[in-house]
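Here is how the chains run, residue by residue.
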Amino acid sequence: MSRSTGGSSQTSSTGVISTTFTSTPARHCGGIGEGEAQTLLKLWWNIVLRPTATFQWVIRETPPACLNDTSLGTHCYVRIKESGLRFHYVAAGERGKPLMLFLHGFPEFWFSWRYQLREFKSEFRVVAIDMRGYGESDLPLSAESYRFEYLVTDVKDIVEYLGYNRCCLVGHDWGGTVAWLFAIHYPEMVTKLIVLNCPHPSVFTDYALRHPSQLLKSSHFFFFQLPRFPELMLSINDFKALKALFTSRNTGIGRKGRWLTAEDLEAYLYALSQPGALTGALNYYRNVFSSLPLSQNHVRSPVLLLWGERDAFLEQEMAEACRLYIRNHFRLNIISGASHWLQQDQPDIVNTLIWTFLKEGEGRKSYRN
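The following paragraphs examine the structure supplied in this document. Computed from a prediction, not measured in an experiment: that's the story for all the values here. (Residues numbered from 1 in each chain as written. Predicted model: local features only at pLDDT ≥ 70, side-chain atom pairs only at ≥ 80, totals over all residues. Heavy atoms only, no water.)

1. Brief notes about the overall build of the protein
Then comes step 1: Of regular secondary structure, the protein possesses 15 helices and 10 strands.
Then comes step 2: Among the 369 residues that make up the protein, the fraction classed as buried is 58%.
Then comes step 3: In the form shown here, the protein has an accessible surface area of approximately 15,900 Å², with 54% of it arising from carbon and sulfur atoms. (Helix = DSSP H or I, 4+ residues; strand = E, 2+ residues; numbered from the N terminus. Buried < 20%, exposed > 50% of the residue type's maximum accessible area, 1.4 Å probe, protein only. Areas by Shrake-Rupley, 256 points an atom, 1.4 Å probe, with all protein chains shown as cover.)

Written out as structure tokens, the structure is:
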């Protein structure tokens, strides 16, 4: 459970632990982890017993119906002149309303925000993008193309293409990392920052180096540096490892919330089975060590950090440490029983907490351009 290191804490009847901070200036200031060894042993055993089946996987050619659900929004594309890349996004809500931009994590795509697209389109222009290398967005071939500075510039270019000069930015997992960095480098473009299960990058670096338990949980960062072999491991047995990531008892969606349906899972497999898709996703990891530590790390926007208590990949202590880098209002909500994928397995609680945060302080008027 949460241990408050400052501010005030409350536990609600829904099992949400809230910690609110108003930060004052300080003087200084994603999925295989422990299971890798077991995974390798299982792979070896499968090769011995069923060599043919082990190395079979299916590229899905037809998207499941849920990806064309009109209640989620309209599928759109934009080609950015500077990078030359084409991005796919799903948008809903009236044009001209305040922009709420969603950035997904690994190994997801725009579809992970389906519950939020429906929820917030009433008062926002909601846009969930496929980040570079994912879904229907372009997939640069070189690993160098996935450096943090390019990912941050992608967000800036997309916001401006949509006709806005600022937005409410929401990010989860790797999308959370990009959201933190965007708020650091373009504070004038972020009215409010909402991050789900992703610590401030400086917190992650400092904490992992000092806590072997977190370093072990993050061992996939090192495994994913290998060429080609991680893609193979995630593909064998028709993407069995990816299925387990979303559905297993230890890491999956829905232990205390909504289950991932068979069609939802097929949506992820459709996106990730396309040629080159896994390499694009893994290239985010293959650039992480060249981009840290950060030269700038202070966030000047109001911040809401949502954290699933049962995150299998990230230790909860990092969530509370994020307050050191925030020069504005900071609210931390730890959701009891929620997994790493909390916006999908606890969407009602997540959406309620986001609405509460949006109404705080200046209120929704602050989103107007």
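On we go from here.
2. Observations concerning the pairing of strand β4 (residues 86–92)
Then comes step 1: The buried fraction of β4 is high, at six of seven residues.
Then comes step 2: Bridge analysis of strand β3 (residues 74–79) against β4 gives six bridges, and the strand direction is antiparallel. Bridge pairing in β4 links cysteine 76 to tyrosine 89.
Then comes step 3: Counting the residues in the hairpin turn of β3 and β4 gives six residues, including glycine 84, whose phi is positive at 80°.
Then comes step 4: When β4 meets strand β6 (residues 125–129), the two strands line up antiparallel, connected through four bridges. Counted as the bridge partner of alanine 91 is valine 127 from β6. (Pairing = 2+ DSSP bridges.)

3. As for empty space enclosed by the protein
Then comes step 1: Taken as a whole, the second largest cavity spans an internal volume of roughly 30 Å³.
Then comes step 2: Residue lining of the second largest cavity: Phe87, Leu103, Ile129, Met131, Arg132, Leu151, Asp154 and Val155, and that is the complete set.
Then comes step 3: Counting residues per element, the lining of the second largest cavity draws most heavily on helix α4 (residues 148–161), at three residues.
Then comes step 4: Split by residue class, the lining of the second largest cavity holds six nonpolar, no polar and two charged. (1 Å grid on protein atoms, 1.4 Å probe; cavity = no way out; pocket = protein on both sides within 12 Å on 5 of 7 lines; lining within 4 Å. Points joined across faces, edges and corners; volume = space filled by probe spheres on them. Nonpolar A, V, L, I, M, F, W, Y, C, P; charged D, E, K, R; others polar.)

4. Description of unusual backbone geometry
Then comes step 1: Looking along the chain, the bond that leaves phenylalanine 106 and enters proline 107 is cis, with omega of -10°.
Then comes step 2: Within the element layout of this structure, proline 107 appears in the loop between β5 (99–103) and α3 (114–120).
Then comes step 3: Of note in the backbone geometry, asparagine 197 takes a positive phi value of approximately 45° without being a glycine.
Then comes step 4: Along the chain, the position of asparagine 197 falls in the loop between β8 (190–196) and α6 (201–210).
Then comes step 5: Owing to a relative accessible area of 0%, asparagine 197 belongs among the buried residues under this scheme.

5. Some remarks on the environment of serine 291
Then comes step 1: Position of serine 291 relative to the elements: it lies in helix α12 (residues 288–291).
Then comes step 2: With relative accessibility at 13%, the residue serine 291 sits in the buried group.
Then comes step 3: Serine 291 sits 144 residues away from arginine 147 along the chain, and the two C-alpha atoms are 7.1 Å apart.

6. Details of the pattern of salt bridges
Then comes step 1: This model, assessed by the stated rule, comprises 13 salt bridges.
Then comes step 2: Between arginine 60 and glutamate 266 there is a salt bridge, and its shortest N-O distance comes to 2.7 Å. Of the two residues, arginine 60 sits in the loop between α2 (51–54) and β3 while glutamate 266 sits in helix α10 (residues 262–272), which places them 206 residues apart along the sequence.
Then comes step 3: Under the relative-accessibility criterion, arginine 60 is labelled buried at 10%.
Then comes step 4: Given the relative accessible area of 27%, glutamate 266 is considered partly exposed.
Then comes step 5: Across the pair lysine 243 and aspartate 238 runs a salt bridge, and its minimum N-O distance is 3.7 Å. (Salt bridge = Lys/Arg side-chain N within 4 Å of Asp/Glu carboxyl O.)

7. What to know about the packing of aromatic side chains
Geometry of an aromatic ring pair is reported as the spacing of the ring centres plus the angle between the planes.
Then comes step 1: For the structure on display, the rule yields 25 aromatic pairs.
Then comes step 2: For the pair phenylalanine 106 and phenylalanine 224, a centre-to-centre distance of 5.7 Å together with 55° between the ring planes defines the contact as tilted. Here phenylalanine 106, found in the loop between β5 and α3, pairs with phenylalanine 224, found in the loop between α8 (220–223) and α9 (229–247); they are 118 residues apart in sequence, far enough to count as distant. Across this residue pair, the class does not change: phenylalanine 106 and phenylalanine 224 are buried.
Then comes step 3: Ring centres of phenylalanine 109 and tryptophan 110 lie 6.1 Å apart, and the angle between their planes is 80°; this geometry places the pair in the edge-to-face category. In this structure, phenylalanine 109 and tryptophan 110 share a single accessibility class: buried.
Then comes step 4: Grouped by ring-pair contacts, the aromatic residues Phe106, Tyr134, Tyr146, Phe148, Trp174, Phe204, Phe221, Phe223, Phe224, Phe229, Tyr284 and Tyr285 constitute a single cluster. (Phe/Tyr/Trp six-rings, centres within 6.5 Å; stacked < 30°, edge-to-face > 60°.)

8. Some points on the nonpolar core
Then comes step 1: Counting residues in each nonpolar core, the largest one holds 113 residues, and the members touching the most others are Leu169, Trp180 and Leu193.
Then comes step 2: In terms of residues, this core owes the most to one element, helix α5 (residues 174–185), which gives eight residues.
Then comes step 3: If sequence neighbours within four positions are ignored, leucine 169 has contacts with Leu101, Leu103, Val155, Ala179, Phe182, Val190, Lys192, Leu193 and Ile194. (Core = buried A, V, L, I, M, F, W, Y, C linked by side-chain atoms within 4.5 Å. Contact = heavy atoms within 4.5 Å.)

9. Some remarks on α5
Then comes step 1: In this model α5 runs 17 Å from its N-terminal to its C-terminal C-alpha over 12 residues, within 8% of the 16 Å that 1.5 Å per residue would give.
Then comes step 2: In terms of residue burial, α5 counts as a mostly covered element, since 11 of its 12 residues are buried.
Then comes step 3: Within the sequence span of α5, burial applies to Trp174, Gly175, Gly176, Thr177, Val178, Ala179, Trp180, Leu181, Phe182, Ala183 and Ile184. (Expected span 1.5 Å × (residues − 1).)

10. As for helix α15 (residues 347–359)
Then comes step 1: Over its 13 residues, α15 runs 18 Å from end to end, which matches the ideal 18 Å to within 8%, given 1.5 Å per residue.
Then comes step 2: By the burial criterion, the buried members of α15 are Pro347, Ile349, Val350, Asn351, Leu353, Ile354, Trp355, Phe357 and Leu358.

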